[in-house]
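# Descriptive structure summary
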Amino acid sequence: MTTDTEFKAWRVHEKDGKYEGAEETRRIEDLPDNDVLIRVSHSSLNYKDALSASGNKGVTRNFPHTPGIDAAGEVVESNGRPAVGRQVIVTGYDLGMNTDGGFGEYIRVPADWCVEMPSGWDARTAMIYGTAGLTAGLCVAKLLRMGAVPDQGPVAVTGASGAVGSVAVEILAGQGFKVVAVSGKADQADTLKELGATDVVGRDALETSKKPMLKPAYANAVDTVGGGPLAELLKQIHPGGSVACCGLVAGPKLETTVMPFILRGVNLLGVDSVEIPLADKQAVWQKLAGEWACPKTEATARDIGRKDLDKALQAFLKGESSGKIVLDHS
Ligand code: NDP
């Protein structure tokens, strides 16, 4: 391996205000000057990658750019930790935003972005979960830390057919919780039940109402959508229950009264998967590779190559993507 070793990357260029991605040849010396060089065998597709690839400046400021907020593969150069030859997972921080990401066959990142691969796992398995699976795990971890247990009652999961929601459903069901999946896709009801949901309800279960409080329906919840549905969910949580909040597909604005908090002691728990300490990520990855494993999610993941990226990212932007998609560089 030398600095002029060549590799392939899917790069996005800005041309006359338009953003176009294509495979191109890069050299190791083109990568940012960080401690750990990783040969990436797999990456994972996320909505944020689609935003980066379509020129969203809130995600990626400068082009040309290699997206890919998730990457897994083998360490080929390092200052000692993680050791050369180890398999690692890198998600979040600045990867794929303004640092060349996992859509290239190599990345070079700071050592403290690298999580050691849990034993028994390989890079492809890690990338089936990716940032979405990690986020689902972080949501569950927060609920458990607040004392959530199955006999308190059902846990609602919003955006249940999505990448984060579906993993949350499978983890919670696997831990013995009764899961109520809130989904706008009637045709996904059977799939959600296969993942372990006890009930599937439509998004109208969280339709905006004028009442400041509603009958308690859920002991706890994982909310991946934010906006109006989150405000309604808070009104329906049992006394002392918690909602782990990680997403905003229904909107970033939360219009609520303080009633759920002061009358029922409801807890609203924020979940970030990007900038948290590495040890917190490592702990959840270990759980996902062990007692929180999601065999059904793993069995249905789809593999694509770099040539398929454009189409797959477009599907994300149109809201037409479903299931877990892994980018295989081989
Ligand atoms: P997906 O697009 O895969 O899933 C989102 C799901 O939300 C959809 O499948 C749909 O599920 C539901 N949904 C879509 N639009 C609406 C709407 N207008 N109102 C109500 N529900 C809607 O996204 P992800 O699961 O990957 O991500 C979910 C959210 O989590 C995103 O906002 C993402 O940015 C955020 N996120 C946050 C992270 C963090 O670190 N905090 C990390 C990763 C993601 P259904 O049809 O079943 O209702």
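Residues numbered from 1 in each chain as written. Predicted model: local features only at pLDDT ≥ 70, side-chain atom pairs only at ≥ 80, totals over all residues.

## Brief notes about the overall build of the protein
- On a plain count of helices and strands, the protein comes out with nine helices and 15 strands.
- Relative to a compact globule of 330 residues, whose C-alpha radius of gyration would be 20 Å, the protein shows 20 Å and is just as compact.
- The buried share of the protein, reckoned over its 330 residues, is 47%.
- For the protein, restricting intrachain contacts to residue pairs at least 6 apart in sequence, the fraction spanning at least 24 positions comes to 69%. (Helix = DSSP H or I, 4+ residues; strand = E, 2+ residues; numbered from the N terminus. Rg over C-alpha atoms; globule rule 2.2 N^0.38 Å. Buried ≥ 20, exposed ≤ 12 C-beta atoms within 10 Å, placed from the backbone. Contact = placed C-beta atoms within 7 Å.)

## Observations concerning the sheet that holds strand β8 (residues 155-158)
- Strands sit in the order β10-β9-β8-β11-β12-β13 across an open sheet of six strands; the sheet is parallel. Looking at which strands have only one partner, the edges of the open sheet turn out to be β10 (199-201) and β13 (267-270). On average, adjacent strands in this sheet sit at an angle of 20° to one another, irrespective of strand direction.
- Looking at chain direction, strand β9 (residues 179-182) and β10 are connected through three bridges and run parallel. Bridged to A181 within β10 is V200.
- Lying over the sheet, helix α2 (residues 123-145) contacts β11 (220-223), β12 (242-245) and β13, oriented at roughly 155° with respect to β12.
- Packed on one face of the sheet, helix α3 (residues 163-174) meets β8, β9 and β11 and runs near 160° to β8. (Pairing = 2+ DSSP bridges. Axes fitted to C-alpha atoms, helices over the stretch in contact; angles between N-to-C directions.)

## Some words on the UniProt feature "domain: Enoyl reductase (ER)" (unreviewed entry) in the protein
- Within this numbering scheme, the UniProt entry marks residues 21-327 as carrying the feature "domain: Enoyl reductase (ER)" (unreviewed entry).
- Between the first and last C-alpha atoms of residues 21-327 the distance is 15 Å; the span itself is 29% helix and 21% strand. (UniProt positions renumbered as here; feature names shortened; annotations may be inferred.)

## Some remarks on the domain arrangement of the protein
- Domain boundaries assigned for the protein yield domain 1 (6-117 + 298-328) and domain 2 (131-270).
- Taken together, the contact between domain 1 and domain 2 spans eight residues of the former and five residues of the latter. (Domains from an automatic or database assignment.)

## A closer look at the nonpolar core
- A168 and V169 are the most contacted members of the largest nonpolar core, which totals 94 residues.
- Take this core: its biggest share by element is 12 residues, from α2.
- Viewed by domain, this core spans two of them, domain 1 (6-117 + 298-328) and domain 2 (131-270), each represented by three or more residues.
- When sequence neighbours within four positions are dropped, the list of residues in contact with A168 reads A136, C139, V140, V157 and V222. (Core = buried A, V, L, I, M, F, W, Y, C linked by C-beta atoms within 7 Å.)

## Topic: unusual backbone geometry
- The step from F63 to P64 runs through a cis peptide bond, and the omega angle for that step is 0°.
- Here P64 lies in the loop between α1 (47-53) and β4 (70-77).
- Along the chain, R81 connects to P82 via a cis peptide bond; the corresponding omega equals -5°.
- A positive phi is found at D16, a non-glycine position, where the angle reads about 50°.
- Inspection of the secondary structure puts D16 in the loop between β1 (6-15) and β2 (18-27).
- Positive phi, normally seen in glycine, also occurs at Y93, with a value near 50°.
- Within the secondary structure layout, Y93 lies in the loop between β5 (87-91) and β6 (106-109).

## What about the confidence of the model for the protein?
- Overall, the prediction assigns the protein a mean pLDDT of 96, with 100% of residues at 70 or greater.
- Two numbers describe this predicted complex: its pTM, 0.96, and its ipTM, 0.99. (pLDDT = per-residue confidence, 0-100.)

## Looking at helix α7 (residues 278-288)
- Looking only at α7, the buried set comprises K281, V284, W285 and L288. One face of α7 carries all of its buried residues, which in axial projection span an arc of 105°.
- Buried positions along α7 lie against β5, β7 (115-116) and α2. (Arc of directions from axis to C-beta.)

## Side note on the site of the ligand
- Close to the ligand lie 28 residues; G159, S161, G162, S183 and G247 are nearest.
- Looking at the shell around the ligand, the elements that each hand over two or more residues are α2 and α3.
- Classifying every residue of the shell around the ligand gives 13 nonpolar, 12 polar and three charged. (Near = placed C-beta within 6 Å. Nonpolar A, V, L, I, M, F, W, Y, C, P; charged D, E, K, R; others polar.)

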